[in-house]
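Coordinate analysis (summary)
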Amino acid sequence: MLLQQIINGLTLGSVYALIALGYTMVYGILELINFAHGEIYMIGAYLGIILLAFFTSVGLTAVSLPLTLLLVVVLAALICSAYGFTVEKLAYKPLRNASRLSPLISAIGVSIFLQNYVMLTQGATDKVFPSLFGSGGFRFLSTRVSYLQAAIIVVSGVMMVSLQAFVMKTKTGKAMRAVAQDKTMASLLGINVDKVISITFVVGSGLASVAGVMVAAYYGLVNYFIGYIAGIKAFTAAVLGGIGSIPGAMFGGILLGLVESLGASYISSEYKDAYAFVVLIGILLVRPGGLFGKAPEEKI
Amino acid sequence: MHLLKVKGLSKHFGGIRALEDVSFGVKDGAIQSVIGPNGAGKTTLFNCLTGFLRPTKGSIVFREAEITGMPADRISRRGISRTFQNIRLFRDMSVIENVVVAQHPMIRSGLLQAVLRLSGFVREEREVREKAFEYLEFLGIETLAEKSAGSLAYGLQRKIEIARAMATGAPLILLDEPTAGMNPQETEEMMTIIRNLRNIGKTIILIEHDMKVVMGISDRIVVIDHGVKIAEGVAREIRNDPLVIEAYLGKELH
Amino acid sequence: MRPIGGKAERFTKPLIASAWFSLLFLPFRGPEAAGVLFVVLAVSIPLLGAVSDRVKKTGPLRQGLENIGLKSRRFAPLLFAPLLVVPLAAGNYWIDVAVLAGIYIILALGLNVVVGYAGLLNLGFAAFYAIGAYSYALLNTMLGLGFWTALPLAVGITTLAGLLLAFPALRLRGDYLAIVTLGFGEIVRLVLNNWDSLTKGPNGISGIDAPTFFGASLASLPAYYYLVLFFVVVTVFVMRRVVTSKIGRAWIAIREDEIASSAMGISTMRYKLYACAFGAFWAGIAGCLFAAKMRFVSPESFTFMESVMMLCMVIIGGAGSVAGVILGALLLVFLPELLREAQLYRMLAVGCGLVFIMVFRPQGLFGRKNASPES
Ligand SMILES: Nc1ncnc2c1ncn2[C@@H]1O[C@H](COP(=O)(O)OP(=O)(O)O)[C@@H](O)[C@H]1O
Ligand SMILES: [Mg+2]
């Protein structure tokens, strides 16, 4: 029972973590709570269903399921990245020098727009992700883990490690860190700040879309409003870990998934959505900068 | 009589000893300068005196009362006011509003008086504005009263900061590099302003890099290097102090 | 997106943009719809570019009004007179919308104190609205208290809630504060939704009494309109006077520079607490008015989206400007109603509108680049 809940929590948490990364990266660079990010995740989930249906209709699924799934994930990530890129250019870039609240409202506008855009084009009813994986699974210690759960945990893990490597090791990653630290300084050093911001949105959106496709497959159902609650939770996860910190977002996401899954089964499932916030408020009261972040201190 | 007495003041940031066992006193009505190379700990000293940093050790006594570790707003209400090295005006407010805000603690009318606009409220608001205007006149910037503070030139912004510090009514005013970035003519003007401040009864502690200013107007000078007080005295003594000369080797004093 | 450079670019740029958007649209509605979108965009993007250039060149709304000789002071009574005859001239539907608009004006003005003046981002303001509404609902249905007795109690409870949340939350800075207020909003909603024995859970509380006035019931829509109008006028009156007093100046000072404020002797913690309590106070009034109007409350009315809408009203109009916030509230209540014909597309339009207003007028419709502490 406990182990089962931990596995469930890890699965959920990996998804939160993948979405939280997008929030934390954008926040680290623009200090913007990108409200539309949850919607990008939702679009990813829809694309998973749409693309899979398309490949099934042309007969590719029958030829090779793994290849099809790979194609679905990659294509969904590409399209979501394009969405993220476009949103940044249209709704945030013109507001680079405005007060902090203006881009936030713009982000809320994008979020409302995208939700309704998907509702209008795809309908207000639930969309079903075909069950392709049956109920296959394996025993792990004393509990059962479905292949899908294992896949979600492994894929998320790999993506998080790759992202960390990308940010720490590559030239682009270093540029991202430089921009996050000081935009003016970075541009003086010859870094193309606009390009770095675009890359941040592209990468973050890609990660969110992978999370979306995996969640669609895991729960089997998607709706146009799933992005909103997942977005709030993921942002909470990012803050929990210390916003701006990539390992913080991963840790915060997984912690949140565990808290929710354990709280729902051991305390009360009615308050499932509240645990995240209770833990968040508790942690921030003790550590005002989140678990991994430093409390901001202004030099006088 | 000493208006301010600093005894054994230390401030450490982790391993950095920004201030170490600094003691000195400031006489009522004096212009006391604090000098020292960049990073010596001068601004940190101001931050401790004004409650923005809690000293690691030591005591600060102002008007015979212990104020060590008090929060900044209380210290300001007790009568120590300051300007900032990196100007901190309310940029989107008008110049006069900046000076009006500084009189905040002196205004008695609260919520009820404000909502009902009782005669006391109206009179107080008028007085506060008139006083603000007088402070601007003292600094010769009354014509800029309605301009937005953030839009003005650097030198003017420094003057607004001084007007604001005066407006708190504090007898002790701490000026953190008031002539930084000024041309010689503006610097000359600033020296006059500081002297005038003293002439109306204010006590001044001045952090200053320009040695002409320091030697010209200070009653006493404290020299800090690497957080430690290395000398104290009148201008002539400081100029000939071997430790000071060494700390400033190759700089203005040479 | 604005055409700069050569003639050729002026044609290719909109085409490329149209192709790009159509491609993004393709998976959602298939190739035909994408083709139609391409044609529509290819025509409308150049038009849009021209319009946006015009919009950018116009000054703030406030200046526009001043230019035609309407100083805000003289302007206010002029605006007020027609408000008195609304119930005579309009049908029930629009009176209903106007009542709702009035409630949102009070809410938005309350939130404006917190966000616009004190600069504390609150993403869970609906929680206070909910506490006000439920307090009145419970005091009325369980203890049988009338509107005028229950109102001060309910508002007191809401104000206290504002203070209680503020105490711990104000230790946090910027967006950490925002997310904690968001969490608080969600927690309040979930508690209302699940505390069945007290709140009747998702079913909500019904049978709430309408206010009376010297024995006469104010249940009819026109009567209620005047009640709400009265409260709106009181709110605006009090608000303008508070924000131009030392309290309002302290809030603005804290928003602009907290450190400089404390150097001026302002107890920043204390004034932030005032702002939170004062904001919650108005939310409490709005909540009571809402509960007494609907005669029914349920958790559905107090979602995160509700908080977001209040925030949008504040920012769209121009945070820190009383007149602007009123305009923002009116816009966000009436615009979706005017778009009612296009039921399906109206939220799409609202989303677009928010982005548009922010992109072309980041300081809000009424706000100025340099907001000074006037109302
Ligand atoms: N808030 C702080 N945190 C850590 N180190 C600080 C802080 N403030 C000042 N310091 C350090 O203390 C030393 C003295 O700084 P400061 O007082 O600003 O020097 P000065 O004003 O004499 O140029 C410097 O080494 C500086 O880096
Ligand atoms: Mg300094």
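Every chain begins its residue count from 1, and numbering advances along the sequence as written. The lettering of chains begins at A and the numbering of ligands begins at 1, in the order of writing. The predicted nature of this model means local features are confined to residues of pLDDT at least 70 and side-chain atom pairs, given and counted, to a pLDDT of 80 or more, with totals for whole chains, interfaces and linings taken over all residues. Based on all heavy atoms of the structure, the side-chain values leave hydrogens and waters out of the count.

**Thoughts on the overall build of chain A**
Helix and strand labels come from DSSP, where a helix needs a run of H or I of at least four residues and a strand needs a run of E of at least two; each type is numbered from the N terminus. Helix and strand counts for chain A stand at twelve helices and four strands. Radius of gyration here uses only the C-alpha atoms, and the compact-globule reference equals 2.2 Å multiplied by the residue count raised to the power 0.38. At 19 Å, chain A has a C-alpha radius of gyration in line with the 19 Å of a compact globule built from 300 residues. With the C-alpha coordinates of chain A rotated into their principal frame, the extents come out at 60 × 45 × 35 Å. A simple rule labels every residue: compare its accessible area, found with a 1.4 Å probe on the protein chains alone, to the largest value its type can have, and call it buried under 20%, exposed over 50%, or partly exposed in between. Counting across all 300 residues of chain A, residues that qualify as buried make up 55%. Should any heavy atoms of two residues lie within 4.5 Å, those residues are counted as being in contact. Contacts in chain A between residues at least 24 apart in sequence constitute 76% of all its contacts with a sequence separation of at least 6.

**Here we look at a nonpolar patch on the surface**
Residue and element names in this part refer to chain C. Each patch is built from residues that are more than 30% exposed by relative accessible area and take part in no salt bridge. Like charges join if they lie within 9 Å; nonpolar side chains (Val, Leu, Ile, Met, Phe, Trp, Tyr) join within 5 Å. Using a 1.4 Å probe, accessible areas were evaluated by the Shrake-Rupley method; residue-level cover was limited to the displayed protein chains. When a carboxyl oxygen of Asp or Glu is within 4 Å of a side-chain nitrogen of Lys or Arg, the pair counts as a salt bridge. On the surface, Phe80, Leu83, Leu84, Val85, Leu88, Tyr226 and Val233 cluster together to form a nonpolar patch covering roughly 580 Å² of accessible area. Looking at the nonpolar patch, the elements that each hand over two or more residues are helix 3 (72-89) and helix 9 (221-243). At five residues, the largest contribution of residues to the nonpolar patch is made by helix 3. Considering the arrangement of structural elements, one finds Val233 in helix 9. When its relative accessible area of 35% is taken as the criterion, Val233 is described as partly exposed.

**Some points on the environment of A:Leu65**
Residues and elements named next belong to chain A. Locating Leu65 in the fold gives a position in helix 4 (residues 65-92). Of the residues examined, Leu65 reaches a relative accessible area of 26% and is grouped as partly exposed. Sequence separation between Leu65 and Val179 is 114 residues; the distance between their C-alpha atoms is 41 Å.

**Focus: the pattern of salt bridges**
Taken as a whole and judged by the stated rule, the model has 24 salt bridges over all chains. The salt bridge partner of B:Glu127 is B:Arg123, with a shortest N-O separation of 3.9 Å. Taken together, the positions of B:Glu127 and B:Arg123, both in helix 5 (residues 119-138) and four residues apart, correspond to about one turn of that helix. Look at B:Glu127 and you get partly exposed, because its relative accessible area is 37%. The class of B:Arg123 is partly exposed, set by a relative accessible area of 42%. The partner of B:Arg220 in a salt bridge is B:Glu232, with the nearest N and O atoms 3.4 Å apart. Taken together, the residues span a long stretch of sequence, with B:Arg220 in strand 9 (residues 220-225) and B:Glu232 in strand 10 (residues 228-233) at a distance of twelve residues. By relative accessible area, which is 34% here, B:Arg220 ends up partly exposed. Overall, B:Glu232 belongs to the partly exposed group, its relative accessible area being 26%. Among the charged side chains, a network of salt bridges with common partners joins A:Glu88, A:Lys89, A:Lys93, A:Arg96 and A:Asp194.

**Section: the confidence of the model for chain C**
Residue and element names in this part refer to chain C. As a per-residue quantity, pLDDT reports the predictor's confidence and falls between 0 and 100. Of the residues in chain C, 89% have a pLDDT of 70 or more, and the chain-wide mean is 85. Below pLDDT 50 for its whole length, residues 369-375 participates in 22 contacts with residues either more than four positions away or in separate chains. Prediction confidence for the complex, expressed as pTM and ipTM, is 0.87 and 0.92 respectively.

**Some points on the site of ligand 1**
Consider each residue's heavy atoms; a residue with any of them within 4 Å of a molecule or strand counts as near. Taken together, A:Glu297, A:Lys299, B:Phe13, B:Ala18, B:Asn38, B:Gly39, B:Ala40, B:Gly41, B:Lys42, B:Thr43 and B:Thr44 make up the full set of residues near ligand 1. Two or more chains meet at ligand 1, and those chains are chains A and B. Counted as a polar contact is a pair of N or O atoms within 3.5 Å, where, for protein atoms, one must be capable of donating a hydrogen and the other of accepting one, and residues adjacent in sequence contribute only when both atoms are in side chains. Contact distances for ligand 1 include 2.7 Å between an oxygen atom and a side-chain N or O atom of B:Thr43. B:Thr44 places a polar side-chain atom, nitrogen or oxygen, 2.5 Å from an oxygen atom of ligand 1. In isolation ligand 1 exposes 560 Å². Once the protein is present, 74% of that is buried. Ranked by residues supplied to the shell around ligand 1, first place goes to helix 1 (residues 42-49) of chain B with three residues. In this classification, the charged set is Asp, Glu, Lys and Arg, the nonpolar set is Ala, Val, Leu, Ile, Met, Phe, Trp, Tyr, Cys and Pro, and all remaining amino acids, among them Gly, are polar. Class assignment for the residues of the shell around ligand 1 results in three nonpolar, five polar and three charged.

**Here we look at the interface of chain A and chain C**
Taken together, the contacts link 58 residues of chain A with 47 residues of chain C. Computed with a 1.4 Å rolling probe, the buried area is the accessible surface lost when two parts are put together, summed over both parts. Taken together, the two surfaces of chain A and chain C that pack against each other cover about 4,800 Å², and 78% of this comes from carbon and sulfur. Ranking the residues of chain A by area buried against chain C places A:Ile105, A:Ile112 and A:Leu120 at the top, with a combined share of 12%. On the surface where chain A and chain C come into contact, there are zero salt bridges. With 16 residues, the single largest contributor to the side of chain A that touches chain C is helix 5 (residues 101-122) of chain A. Residue classes in the side of chain A that touches chain C are distributed as 42 nonpolar, eleven polar and five charged.

**Thoughts on the coordination of the magnesium ion (ligand 2)**
Residues and elements named next belong to chain B. For Na, K and Ca the donor cutoff is 3.2 Å, while for all other metals N, O and S atoms must lie within 2.8 Å; water is not among the atoms, so some sites may look incomplete. Protein coordination at the magnesium ion (ligand 2) comes from Thr43 (OG1) and Gln85 (OE1), with a distance range of 2.0 to 2.2 Å. Placement of the pair is Thr43 in helix 1 and Gln85 in the loop between strand 6 (80-82) and helix 3 (95-101), with a sequence separation of 42 residues. Overall, the relative accessible area of 16% leaves Thr43 in the buried class. The class of Gln85 is partly exposed, set by a relative accessible area of 28%.

**As for the sheet that holds strand 6 of chain B**
All names here are of chain B. When DSSP finds two or more bridges between a pair of strands, those strands are recorded as paired. Strand order in the open sheet made by the six strands is 6-7-8-3-9-10, with mixed pairing throughout. With partners counted over all chains shown, the strands left at the sheet margins are strand 6 and strand 10, one partner each. Neighbour-to-neighbour, the strand axes of the sheet open up by a mean angle of 20 degrees, direction not taken into account. Examined bridge by bridge, strand 3 (residues 31-35) and strand 8 (residues 203-207) share four bridges and lie parallel to one another. Directly across from Ile31, in strand 8, lies its bridge partner Ile204. The convention used is that axes are lines fitted to C-alpha atoms, helices contributing only their stretch in contact, and that angles between N-to-C directions extend from 0 to 180 degrees. Set on the sheet, helix 6 (residues 154-167) makes contact with strand 6 and strand 7 (172-176); between it and strand 7 the angle comes to about 160 degrees.

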